[in-house]
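Survey of secondary and tertiary structure
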Amino acid sequence: MAGECAGRLAIGWLLLMRKRAWVGVVGVVCTCVLVLLTAFHDSRVSHVCDCGHQVNTEERVAKYLPNLMGEIDPTTKRTTLQEVEAVHPSLALAFLVEQERRGSRCHNTPGVFSVRHNNELWQEAVIGGVIFLLYAAYYDSRDEGEGPTVRMLVMVDSTRPPTPVCHLWYQDDLTPTASSAVRMDYVHWQDRVSGAWLPYLVTCRVVEDLRGVPRVAALVGYSCGPATNALRVLNQEQPRVKKDLALCHKFLFDPTRDYSQRLVEWLEVARAWGVDEVTFYEASVHPNVRAVLQYYQQEGFVQVFPWRSPGDQPSLGHLYRALYDTQRFTLFTTENIPYTDCLLRHLATHRYVAVWDMDEFIVPATAFSLPAMLDAARARATEQGLRPTSYLARCSYYFDDQVEEATPDLPEYLYLMRHVTRTVKVAPPRVFTKSVHDTSLALGLHAHFALLTLGGNIDRDRDLYHLYPTTEGHLGHYRATCQGEDQHECQELYRPYLSRDTAMWRHRPAVTARTKAVLQILGLLP
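In this convention, every chain numbers its residues from 1, walking through the sequence in written order. With the structure being a predicted model, the display of local features is reserved for residues of pLDDT at least 70 and the display and counting of side-chain atom pairs for 80 or more, all residues being used for whole-chain, interface and lining totals. With hydrogens and water set aside, each side-chain value is computed from the structure's full complement of heavy atoms.

**Some thoughts on the environment of Thr470**
Relative to the assigned elements, Thr470 resides in the loop between strand S26 (464-466) and strand S27 (473-479). A 1.4 Å probe rolled over the protein chains alone gives each residue an accessible area, and that area as a share of the maximum for its type sets the label: buried under 20%, exposed over 50%, partly exposed in between. The class for Thr470 is exposed, based on a relative accessible area of 59%. Separated by 106 residues in sequence, Thr470 and Pro364 place their C-alpha atoms 9.0 Å apart. Only runs of H or I of at least four residues qualify as helices and only runs of E of at least two qualify as strands under DSSP, and these elements are numbered from the N terminus.

**Details of the confidence of the model for the protein chain**
One confidence number per residue, pLDDT, is output by the predictor and ranges from 0 to 100. Summarising the model, the protein chain shows a mean pLDDT of 91, and 91% of its residues fall at 70 or more. Should any heavy atoms of two residues lie within 4.5 Å, those residues are counted as being in contact. Segment residues 1-44: pLDDT under 50, and 22 contacts once partners within four positions in sequence are set aside and those in other chains are kept.

**Here we look at the nonpolar core**
Nonpolar core, defined: a set of buried Ala, Val, Leu, Ile, Met, Phe, Trp, Tyr and Cys residues in which side-chain atoms within 4.5 Å join the residues together. Among the nonpolar cores identified, the biggest contains 63 residues, and Leu263, Trp266, Leu267 and Phe280 are the most heavily contacted of them. Per-element tally for this core: the top contributor is helix H6 (residues 260-272), with 6 residues. Every residue in contact with Leu263, bar those within four places of it in the chain, is listed here: Phe280, Val289, Val292, Leu293 and Met358. Membership of the second largest hydrophobic core comes to 43 residues, among which are Tyr138, Ala246, Leu344 and Leu392.

**Quick notes on the side chain of Thr79**
Here Thr79 lies in the loop between helix H3 (59-70) and helix H4 (80-87). Ignoring any residue separated from it by four or fewer positions in sequence, one finds Thr79 in contact with Met69, Gly70, Glu71 and Ile72.

**Some words on the sheet that holds strand S15 (residues 277-282)**
The strand order S16-S15-S14-S17-S22-S19-S26 describes an open sheet built from 7 strands, whose pairing is mixed. Where the open sheet ends on each side, the last strands, each with one partner, are strand S16 (302-306) and S26. Between one strand and the next, the sheet's axes are offset by a mean angle of 25°, whatever the strand orientation. Sheet analysis places strand S14 (residues 243-252) next to S15, joined by 5 bridges and oriented parallel. For Ala246, the partnering residue across the bridge sits in S15 and is Glu277. Any two strands with at least two DSSP-identified bridges between them are counted as paired. Between N-to-C directions, angles cover 0 to 180 degrees, with each direction set by a line fitted to C-alpha atoms, over the stretch in contact for helices.

**Some remarks on H3**
Of the residues making up H3, those classed as buried are Val61, Leu65 and Met69. Along the axis of H3, the buried residues cluster in a sector spanning 25°; they form a single face. Residues of H3 that are exposed and angled more than 90 degrees away from the buried face: Glu59, Arg60, Lys63 and Asn67. Turning to H3, the residues buried within the fold contact H4 and helix H5 (93-101). Of all possible arcs, the one meant is that of the directions from the helix axis to the C-beta atoms.

**Topic: the pattern of salt bridges**
One side chain can pair with another of opposite charge once the charged atoms of both are near each other. In the sections that follow, a salt bridge refers to a side-chain nitrogen of Lys or Arg positioned within 4 Å of a carboxyl oxygen of Asp or Glu. Evaluation of the coordinates by the stated rule reveals 30 salt bridges. Put simply, Asp438 and Arg378 hold a salt bridge, and the shortest N to O gap is 3.2 Å. Of this pair, Asp438 sits in strand S22 (residues 434-438) while Arg378 sits in helix H11 (residues 370-383), and the two are 60 residues apart along the sequence. When its relative accessible area of 26% is taken as the criterion, Arg378 is described as partly exposed. One salt bridge in this structure joins Glu404 and Arg500, with 2.7 Å as the shortest N-O distance. Taken as a pair, Glu404 in the loop between strand S20 (395-399) and strand S21 (421-423) and Arg500 in strand S28 (residues 498-500) lie far apart in primary sequence, 96 residues in all. Linked through salt bridges whose partners overlap, the residues forming this network are Asp140, Arg142, Glu146, Arg151, Arg183 and Asp185.

**Quick look at the side chain of Asp173**
Relative to the helices and strands, Asp173 resides in the loop between strand S8 (165-169) and strand S9 (177-180). In terms of polar contacts, Asp173 uses its side chain to reach the backbone amide nitrogen of Tyr170, at 2.8 Å. Here a polar contact is recorded for every N or O atom pair within 3.5 Å, except that within protein the pair must consist of a potential hydrogen donor and a potential acceptor, and residues adjacent in sequence are included only if both atoms are side-chain atoms.

**Side note on the pairing of S22**
Burial analysis of S22 places 5 of its 5 residues in the buried class, which makes it a mostly covered element. Bridge analysis of strand S17 (residues 350-355) against S22 gives 4 bridges, and the strand direction is antiparallel. Within the sheet, the bridge partner assigned to Val353 lies in S22 and is His437. Relative to S22, strand S19 (residues 390-393) runs antiparallel, the two being bridged by 4 bridges. Along S22, the bridge assignment pairs Tyr391 with Val436.

**Points about the state of the cysteines**
By convention in this document, the label disulfide applies to cysteine sulfur atom pairs within 2.5 Å. Applying the stated criterion to the full structure yields 5 disulfides. Across the disulfide from Cys49 sits Cys224; the S-S distance is 2.1 Å. On the sign convention where negative is left-handed, the bridge of Cys49 and Cys224, at about -90° about the S-S bond, is left-handed. Placement of the pair is Cys49 in the loop between strand S1 (47-48) and strand S2 (54-56) and Cys224 in the loop between strand S12 (216-220) and strand S13 (231-234), with a sequence separation of 175 residues. On the basis of relative accessible area, Cys49 is assigned to the buried category, the value being 4%. Residue class for Cys224 comes out buried when judged on its relative accessible area of 18%. Once the disulfide-bonded cysteines of the protein chain are ranked by sequence position, their pairing pattern turns out to be 1-6, 2-3, 4-5, 7-8, 9-10.

Structure representation (structure tokens):
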């Protein structure tokens, strides 16, 4: 539209130069102003859509759907509707069922069977010929300058995707409120590759009025058009006092390996060091591992979300490991979805969110808890005039073969507690680090530090704080060899120089007792 307007203005100027009628020039100018105002309105200002034509609920849907949604699962004692919304990360099923129960709905408001599902957990939108796979939507009111927003995590099969239109439904809305997305942020550190599913975070502006927070969100190709997706907007009620630290783990994807004993100890170590909650994403796991996850879920310490690969990637239990171990770009792009999802789910409830794996743990040098270590680091950063988004811990290796002899009070099934010898050398800053993130600032994550903040892309000099290993804390990486393909440096610089470090034993009595008790309850001891 703006290009067309520019052309008309040029013609108008030529007419003026040739001393043609002023009326024609004024008409052109007025038309262009109207076009530009319309374009501005479409991209910047939200507006409530008209209903347009009605879509009637199918006869069998109207007859059977209410009873089907109300059936009770004998295992969980939840209704079908409750069961779906409990395990699905985003499907706004209650909202969709409401539309069907009305008997008819507006054409731009989806029904239960309008949603295009992809690999169970993803919802599909086709925008400008490009496929968007939507994972979840989140309400975010942290940025006072930008105002309240709804953010949507998506995977897109394009390196330069078109800007979608956001549809938002508030409580009792029959039609959506539409506006163009404010922006789309690429949530990855590697260059975009054609033919791959790439992660983006779509930001939609929310109208501040008496309707409150949007209940449901969707992405469409044009304003007030029909939607093929409907995501619950996650809006955690902020407690009076936030909890300290939530820990996030990427998807678990190996059904053949039983690491249940090690998982129990790792969770009890996390609890002892001040973690309030641990979030996992389950693709496929060994039955004993699932038993551990379910035990801690019932206890309220762990939450587990199902995971499926996006698009045409395989979502078969025994193929997950083959996929992620061989297709590393796929792994590194895809894992940023659960990392960022975990962050956005905890914005209102926790001060910090951490990301690391089960063979890793950030060990404070002197503090007795991770929150205490972080608060002290934050105070030092403030004294330096800094406000970090991510606190990075440098890596020191605890090799598998450097293990303490098993004793009655240090039994064989304890892994972390029996590994207290580490490399003197730590990895350089930003190499194999893991981080804890400030939830008041972070916006998009990858495995090692935040990629996006409320202020835009991460500034590695301003936004990253490197914990000093000897006085603040280090990342313990528990593995057979150094990370990376080339082990020459490992043999030359890391392996020969080892030091005993019993910092993990500060909580040894509690961890030992709790681990043994849980393993006995679950029948996982020999």
